[in-house]
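Inside the fold
What follows is the residue order along each chain.
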Amino acid sequence: YNAGNPSKAHVADAYLSYRCSDSTLCVLVTARSGYVFASNEAWIKIYDGDNSERDFVEGFQYIYDGENVVAWEGCTTALPATPFVSSIQMEIHANWGPASGGGTGNTASTGKKNSDDFVSLDLDCGCGNSSD
């Protein structure tokens, strides 16, 4: 949402996958129709004590449609390898603007830590399958 507020424009969607074997979280963020992303402002933050942005350890890239950034993706080593991790607070961020032009200085976000609308993530790697 714009500024992490669900009462504002829904400008992007985030898709996550988690690889249990090495505690790697992968993210794909796509701009919704009518919006584009900046080509220099994309990150994920896991609130686990240090509250720092995570470096992408593999596969980070901006995805273009012509000259416009319409998505970004990457993976980060996120969490300890345990069978079940509950209530992880995280924030996904990208700067955006209208596809018709006017700049990309707005913020798309899943929201700040401890806000009413914050996204919390539960991971369960204990389903008896040892593969990813």
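Quantities reported herein were computed from a predicted structural model and do not represent experimental measurements. (Residues numbered from 1 in each chain as written. Predicted model: local features only at pLDDT ≥ 70, side-chain atom pairs only at ≥ 80, totals over all residues. Heavy atoms only, no water.)

1. Some details on the nonpolar core
Operational definition: For this analysis, a nonpolar core means a set of buried residues of the types Ala, Val, Leu, Ile, Met, Phe, Trp, Tyr and Cys, connected via side-chain atoms within 4.5 Å. Note on exposure labels: buried denotes an accessible area under 20% of the residue type's maximum, exposed denotes more than 50%, and partly exposed covers the range between, all computed with a 1.4 Å probe on protein chains only. To qualify as a helix, a DSSP run of H or I must reach at least 4 residues; to qualify as a strand, a run of E must reach at least 2; elements of each kind are numbered from the N terminus. In this analysis, two residues are considered to be in contact whenever any of their non-hydrogen atoms come within 4.5 Å of each other.
Residues Leu25, Phe37 and Trp72 are the most contacted members of the largest nonpolar core, which totals 22 residues. If you list the elements that add at least two residues to this core, you get strand 1 (12-19), strand 2 (24-31), strand 3 (35-47), strand 5 (68-77), strand 6 (84-98) and strand 8 (120-124). Non-local contacts of Phe37, meaning those with residues more than four positions away in its chain, are made with Ala12, Val29, Thr30, Ala31, Val69, Val70, Ala71, Trp72, Ala94, Asn95, Trp96 and Thr104.

2. Description of the pattern of salt bridges
Just so we agree on the cut-off: When a carboxyl oxygen of Asp or Glu is within 4 Å of a side-chain nitrogen of Lys or Arg, the pair counts as a salt bridge.
Counted by the stated rule, this structure contains 2 salt bridges. For Arg32, the salt bridge identified is with Asp13, shortest N-O distance 3.4 Å. In this pair, Arg32 is assigned in the loop between strand 2 and strand 3 and Asp13 in strand 1, connecting sequence segments 19 residues apart. With a shortest N-O distance of 3.0 Å, Arg19 and Asp22 are connected by a salt bridge. Accessibility expressed as a relative area gives 37% for Asp22, which makes it partly exposed.

3. Let's talk about the state of the cysteines
Such a bond, covalent and formed between the sulfur atoms of two cysteines, is termed a disulfide. Keep this limit in mind: Working definition: a disulfide is two cysteine sulfur atoms within 2.5 Å of each other.
Within this structure, the stated rule accounts for 1 disulfide. Disulfide pairing places Cys26 opposite Cys75 at an S-S distance of 2.0 Å. Between Cys26 and Cys75, the S-S torsion sits near 105 degrees, and that sign places the bridge as right-handed. One end of the pair, Cys26, is in strand 2; the other, Cys75, is in strand 5, and 49 residues separate them in sequence. When sorted by exposure, Cys26 lands in the same class as Cys75, which is buried.

4. Structural notes on the pairing of strand 4 (residues 58-65)
This is how the line gets drawn: When DSSP finds two or more bridges between two strands, those strands count as paired.
By the bridge criterion, 6 bridges tie strand 4 to strand 5 in an arrangement that is antiparallel. Residue pairing in the sheet places Tyr64 in a bridge with Val69 of strand 5. Counted between consecutive antiparallel strands, the loop separating strand 4 from strand 5 contains 2 residues, among which Gly66 sits at a positive phi close to 65 degrees.

5. Describing the confidence of the model for the protein
Under the convention used in this document: Confidence of the predictor at the level of single residues is captured by pLDDT, which takes values from 0 to 100.
When pLDDT is averaged along the protein, the result is 79; 73% of the residues meet or exceed 70. When pLDDT is averaged over each helix and strand of the protein, the minimum, 72, is found for strand 8 and the maximum, 91, for strand 5.

6. Side note on the pairing of strand 1
Sheet topology places strand 1 next to strand 2; 8 bridges connect them, and they run antiparallel. The residue bridging Ala14 from the neighbouring strand is Val29, located in strand 2. Counting the residues in the hairpin turn of strand 1 and strand 2 gives 4 residues, including Ser23, whose phi is positive at 55 degrees.

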